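Survey of secondary and tertiary structure
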Amino acid sequence: IEASIPEGQRAAWRKYSAQEFKTKDEFDSEVVKHIETTLARSLFNCDEAAAYAGTALAFRDRLIIEWNRTQQQQTAADPKRVYYLSLEFLMGRALDNAMLNTGMKNIASEGLEDLGFRMEDVISQERDAALGNGGLGRLAACFLDSLATLNYPAWGYALRYRYGIFKQEIIDGYQVEIPDYWLDFNPWEFPRHDVTVDVQFYGNVRKYTDGSGKQISVWENGEIVTAVAYDAPIPGYGTKTTNNLRLWSSKASHGEFDFTKFNSGEYEASVADQQRAETISAVLYPNDSLERGKELRLKQQYFWCAASLFDIVRRFKKSRKAWKEFPNQVAIQLNDTHPTLAIPELQRILIDQEGLEWDEAWSIVQKTFGYTNHTVLPEALEKWSVPLIQHLLPRHLQIIYDINLNFLQYVERNFPKDRDMLSRVSIIEESQPKMVRMAYLAVIGSHKVNGVAELHSDLIKTTIFKDFVKIYGPDKFTNVTNGITPRRWLHQANPRLSELIASKLGGYDFLRDLTQLHKLESYVDDKEFRKEFQEIKYANKVRLAKYIKEVNGIAVNPSSLFDIQVKRMHEYKRQQLNIFGVIHRYLELKDMSPEERKKVQPRVSIFGGKAAPGYWMAKTVIHLINQVSKVVNSDKDIGDALKVVFLEDYNVSKAEMITPASDISEHISTAGTEASGTSNMKFVLNGGLIIGTCDGANIEITREVGEDNIFLFGNLSEDVEDLRHHHFYGEFQLDPSLDRVFKTIREGAFGDAGQFSALVNSIVDHGDYYLVSDDFKSYLDTQKLIDEAYKNQEEWLTKTITSVARMGFFSSDRCIDEYAEMIWNVEPVKVQGQES
Ligand code: GL2
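The structure displayed is predicted, hence computed values, not measured ones. Every chain begins its residue count from 1, and numbering advances along the sequence as written. Since the coordinates come from a predicted model, pLDDT governs what is reported: local features require at least 70, and pairs of side-chain atoms require 80 or more to be given and counted, while whole-chain, interface and lining totals use all residues.

1. A short note on the overall build of the protein chain
Convention followed: Under the DSSP-based scheme used, a helix requires at least four consecutive residues in state H or I and a strand at least two consecutive residues in state E, with every element numbered from the N terminus. Taken over C-alpha atoms, the radius of gyration is set against a globule rule of 2.2 Å times the number of residues to the power 0.38. Every C-beta atom is placed from the backbone, and the number of other C-beta atoms within 10 Å of a residue's own sets its class: buried at 20 or more, exposed at 12 or fewer, partly exposed in between.
Looking only at helices and strands, the protein chain has 34 helices and 24 strands in total. For the protein chain, whose C-alpha radius of gyration is 28 Å, the value lies close to the compact-globule estimate of 28 Å for 836 residues. With the principal axes as the frame, the protein chain shows a C-alpha extent of 95 × 75 × 60 Å. Relative to its full complement of 836 residues, the protein chain shows a buried share of 47%.

Next comes the structure, spelled out in structure tokens:
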């Protein structure tokens, strides 16, 4: 308030207030100004990178004007806000999205042409913001887009990693990891050197009794690290709302270096603290669905939770409302268990710093938080050792113990006969060392817990959280099936399809209400529409074929059936099942006469995905795919009948090119292991069909598109346990086709067999945990059906168009409305175009 301009000068201020560019000329003038001044370049040395920079800065300025306006109006309205805490936001590129969401892409295209550049070339200069691993991080990014589009007052909070997910190179068929230093030039972030939070680690807790007899705890003598905010504007589509993604960067609390040490000649020590502090936000952990229990990771989690909560509480306090109003002003969603420390942290703030009584504080905490579970895989469930937390966060450990004590007393009162229940549900696992079960803490500290697809939400209630359903009743647990933003995954990734749909539906409203797609069903028999739809698919395949030729040097025929599996490499996702199927196909082709071979449906099997650097088995599968690719692609007998491609460095921007080019995509996880999957939705929305197991969102996709329009196979999740048991105790007979595949590998057909023995043995000798052998036959049979079905192109086209028309349910807008109503209880705030 002290810093605001006096009434008398505001007219002048308003007159010169920054304005968004509206015309092509204004846009060009912004671009040239940035290139000539911000970048200090001229028309004699302006390459595509500079053109990108100028364009991005012009749009950045525009977004920041809308961002400011949004923040001012939201502050004035002071509504309940949503805070989405996620350690990962896999944003991808920002420029194209900013142009489309603000509706200025056409103007910018024409403007760039005037200046001598092509839009496509300029867009492709941008590096992905890759602050995430896979589906969980991309879901968070889609949610931000929907929150802004639907005008919810919402903030994302994460860390500003100096290194995002590594870049993957394939060298001699092996994955090699290259660091991704993405901050070289990032026009989208705003450093807020005035928004900082001091975060404490280590130290001790001093207890004393104050004058009124109240027990006070003081956490002191710790090490302080400073969090600095960096903001990235998030524009909604077709709305004035521009929300904020706030990323915290760590630095030493005493600045560049410690002057006392520096002045006494300890030069190295003087910068060592600084480096230690900066390490906290230095790197994204590259594991997808796996937790490794490293101290630095726990430090990252607390640093981020503490800074974010301080910020949220600071904003709440500005409105001078009573503490009991906190849950009416603040909804915090925990994206997986990674931000669970926010629960004891808020309790600590309320009791230690704000002086609330335990019970009052705890009731505020529970009403504030919601928790989303994204996996039932045991290796992904976070546990932290008690000694580690004791050392790093001594006060939080006490609070966690108190939360547990109160909870267990409640359980004991209500379930006096079930003695084992207490040890089963305790937050503390009585192991050596003792461990804190973060998922239990998240459940106990939240008012709602949700899974991410129907099957998964049912599974969490009958497996990992079974006891908690008894304790709290079923209403605490709910489902919000995942979704994707149609702005990026249709309009941006597949502009021609988006345009075709708009031409039939009378405009682009479907991008804001995806259920309108159902009207496309009346065009299923429309000749003209079918032709265009098919042409678009073909053009998208041509584009991918061209890319494959350029990057992999492999010539693929765009008329072949494109079969794509792109996602993180993981045994549960079963890329090994796919590549064994490819080997089987190769062997069958080799058995055929040249005449017979001519009759088969040509196919291109395309793979892509990163393996966590320490995940040896996943890396072995990458290696096998590349070896098979080498052998098959150079086999003269085979020709176009089969090609195998591994696309290096799969990421969001590549997904935008790959997804629209599929005929079939593979979502073939062992039933019950893939919580939802979201790329399955992207592929169908872009006119591709699915081969999949009865898992995650595949089940709901089937419900929507109809059983005739999806290729399901394999065992069901309810049978998985028995099948696994059978591998160890039953008579085990390996499927003969799979046996032949293994023999071929063992004979060295794809290079040194020793390299693949662990992979083969995991199935033959070690219990086949992911049930590859159990599903192999049904997988092959289904692939045969696909070959047959694809031959009837007219039928195939009908299936794909029908499926697109029925995908309306899977918009992330629908998810966000469900969260808003069922979990957050927040309302949209419409932002006006002009300053009010
Ligand atoms: C995941 C699930 O594996 C995936 O099926 C789901 O679509 C996403 C988003 O809900 O979450 N869980 C998880 O730990 N990771 C995921 O991608 N890494």
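2. Examining the site of the ligand
Applied cut-off: Put plainly, near means the residue's C-beta atom, positioned from the backbone, lies within 6 Å of the molecule or strand in question. Domains are outlined according to an automatic or database domain assignment.
Contacts to the ligand come from 18 residues, most closely from Gly-135, Leu-136, His-374, Ala-675 and Ser-676. When residues of the shell around the ligand are sorted by domain, at least three fall in each of domain 2 (78-93 + 128-481) and domain 3 (568-805).

3. What about the sheet that holds strand β18 (residues 477-479)?
Heads up, the condition is: DSSP-based pairing: two strands are paired if at least 2 bridges between them are found. Each axis is a line fitted through C-alpha atoms, taken for helices only over the stretch in contact, and angles between the N-to-C directions span 0 to 180 degrees.
Pairing in this open sheet of nine strands is mixed, and the strands run β7-β10-β11-β4-β1-β12-β13-β17-β18 from one edge to the other. Two strands in the sheet have a free side with no partner beyond their single neighbour: β7 (190-201) and β18. Ignoring strand direction, the axes of neighbouring strands in this sheet form an average angle of 25°. Bridge analysis of β7 against strand β10 (residues 223-235) gives nine bridges, and the strand direction is antiparallel.

4. Some remarks on the environment of Arg-512
Stated precisely, the cut-off is as follows: Contact between residues is assigned whenever the C-beta positions, reconstructed from backbone atoms, fall within 7 Å.
Inspection of the secondary structure puts Arg-512 in the loop between α21 (495-505) and α22 (527-552). The class for Arg-512 is partly exposed, based on 17 C-beta atoms found within 10 Å. Spatially, the C-alpha atom of Arg-512 lies 54 Å from that of Gln-215, the residues being 297 residues apart in sequence. Not counting residues within four places of it along the chain, the set of residues in contact with Arg-512 comprises Thr-149, Tyr-237 and Gly-238.

5. Observations concerning α21
Short version of the rule: Starting at the helix axis, one direction is taken to each C-beta atom, and the arc is that of these directions.
Looking only at α21, the buried set comprises Leu-497, Ser-498 and Ile-501. For α21, the angular spread of buried residues about the axis comes to 100°, placing them on one side. Those residues of α21 that are buried lie in contact with α20 (486-492) and α22. Of the residues flanking the end of α21, it is Gly-506, one or two places downstream, whose phi is positive at about 75°.

6. Overview of the domain arrangement of the protein chain
Threshold: Asp, Glu, Lys and Arg are counted as charged, while Ala, Val, Leu, Ile, Met, Phe, Trp, Tyr, Cys and Pro are counted as nonpolar; the rest, among them Gly, fall into the polar class.
For the protein chain, the assigned domains are domain 1 (20-77 + 94-127), domain 2 (78-93 + 128-481) and domain 3 (568-805). Computed over C-alpha atoms only, the centres of domain 2 and domain 3 are separated by 36 Å. Of the residues lining the interface, 35 residues belong to domain 2; the matching set on domain 3 comes to 30 residues. Looking at the side of domain 2 that touches domain 3, the elements with two or more residues in it are β2 (89-92), α7 (135-149), β5 (167-171), β6 (174-178) and α18 (454-462). Its residues assigned to classes, the side of domain 2 that touches domain 3 comprises 13 nonpolar, 14 polar and eight charged.

7. Topic: the packing of α21 against α22
Using the following cut-off: Throughout, the term roughly parallel applies to angles under 35 degrees, roughly antiparallel to angles over 145, roughly perpendicular to angles from 65 to 115, and oblique to all others. Handedness of a crossing follows from how the near helix is turned relative to the far one, being left-handed for an anticlockwise turn of less than a right angle and right-handed for a clockwise one.
Closest axis-to-axis distance for the α21/α22 pair is 10 Å, and the angle between their directions is 165°. Regarding the angle of α21 to α22, the classification is roughly antiparallel. In the crossing of α21 with α22, the sense of the turn from one axis to the other is left-handed. Between α21 and α22, the contacting residues are Arg-496, Leu-497, Leu-500 and Lys-504 on the first element and Phe-529, Glu-532, Phe-533, Ile-536 and Ala-539 on the second. A class-by-class count of the residues in the contact of α21 with α22 yields six nonpolar, no polar and three charged.

8. Section: the sheet that holds strand β15 (residues 428-429)
Taken in spatial order, the three strands make up an open sheet running β14-β16-β15, and their pairing is antiparallel. Either end of the sheet is taken by a strand with one partner, and the two such strands are β14 (383-385) and β15.

9. Quick word on the UniProt feature "modified residue: N6-(pyridoxal phosphate)lysine" (unreviewed entry) in the protein chain
For clarity, the threshold we go by: UniProt positions are given in the numbering used here, feature names are shortened, and annotations may be inferred rather than shown by experiment.
In this numbering, the UniProt entry assigns the feature "modified residue: N6-(pyridoxal phosphate)lysine" (unreviewed entry) to Lys-682. Once residues lying within four places of it in the same chain are set aside, the contact partners of Lys-682 are Ile-484, Trp-489 and Thr-659.

10. Description of the pairing of β6
Taken together, the five bridges between β5 and β6 define a ladder with antiparallel strand orientation. Looking across to β6, one finds that Lys-167 is bridged to Ile-178. Hairpin connection, β5 to β6: the antiparallel pair is bridged by two residues, and Asp-172 has positive phi, about 55°.

11. Focus on the pairing of strand β20 (residues 603-608)
Note the following rule: Seen with its strands pointing away from the viewer, a crossover is right-handed when the path leading from the first strand over the helix to the second is clockwise.
Among the six residues of β20, six are classified as buried, and the element is accordingly described as predominantly covered. With burial as the criterion, each face of β20 is covered, one bearing Arg-603, Ser-605 and Phe-607 and the other bearing Val-604, Ile-606 and Gly-608. Here strand β19 (residues 561-566) pairs with β20 via six bridges, running parallel. Bridging across to β20, Phe-562 finds its partner in Val-604. Taken together, the six bridges between β20 and strand β21 (residues 642-647) define a ladder with parallel strand orientation. Each bridged residue has a counterpart across the sheet, and for Ser-605 the counterpart in β21 is Val-644. The handedness of the β20 to β21 crossover, carried by helix α25 (residues 616-633), is right-handed.

12. Considerations on the nonpolar core
Selection criterion: By definition, a nonpolar core groups buried Ala, Val, Leu, Ile, Met, Phe, Trp, Tyr and Cys residues that connect through C-beta atoms lying within 7 Å of each other.
Core analysis: the biggest nonpolar cluster contains 218 residues, and Tyr-83 and Phe-303 have the highest contact counts within it. Ignoring any residue separated from it by four or fewer positions in sequence, one finds Phe-303 in contact with Val-199, Val-225, Ala-227, Trp-248, Ser-250 and Ile-280.

13. Some words on the environment of Ala-618
Tracing the backbone through its elements, the reader meets Ala-618 in helix α25. Sequence-wise, Ala-618 and Gln-175 are 443 residues apart; in three dimensions their C-alpha atoms are separated by 10.0 Å. Residue contacts for Ala-618: discarding those within four places in its chain leaves Met-569, His-570, Glu-571, Ala-611 and Ala-612.

14. Regarding the environment of Pro-191
Tracing the backbone shows Pro-191 in strand β7. For the pair Pro-191 and Tyr-230, spaced 39 residues apart in the sequence, the C-alpha separation amounts to 4.4 Å. The contacts of Pro-191, once residues within four sequence positions are left out, are Val-228 and Tyr-230.

15. What about the confidence of the model for the protein chain?
Spelled out, the test is: The pLDDT score gives, residue by residue, the confidence of the prediction method on a 0 to 100 scale.
Looking at the protein chain, the pLDDT average stands at 96 and 99% of residues meet or exceed 70. Here the complex is predicted with pTM 0.98, and the ipTM for its interfaces comes to 0.99.

16. Remarks on unusual backbone geometry
Of note, the bond from Gln-432 into Pro-433 is cis; its omega dihedral lies within 30 degrees of zero at -5°. Take Pro-433: it is sitting in the loop between β15 and β16 (435-437). At Asn-151, a position not held by glycine, the phi torsion is positive, near 65°. Structurally, Asn-151 can be placed in the loop between α7 and β4 (154-159).

17. Observations regarding the packing of helix α12 (residues 342-353) against helix α15 (residues 394-414)
Here α12 crosses α15 at 100°, and the two axes come no closer than 9 Å. Here α12 lies roughly perpendicular to α15, going by the angle between them. Counting all contacts with α12, which are made through Pro-344, Glu-345, Gln-347 and Arg-348, the residues of α15 involved are Arg-395, His-396, Ile-399, Ile-400 and Ile-403. For the contact of α12 with α15, a count of residues per class yields four nonpolar, two polar and three charged.

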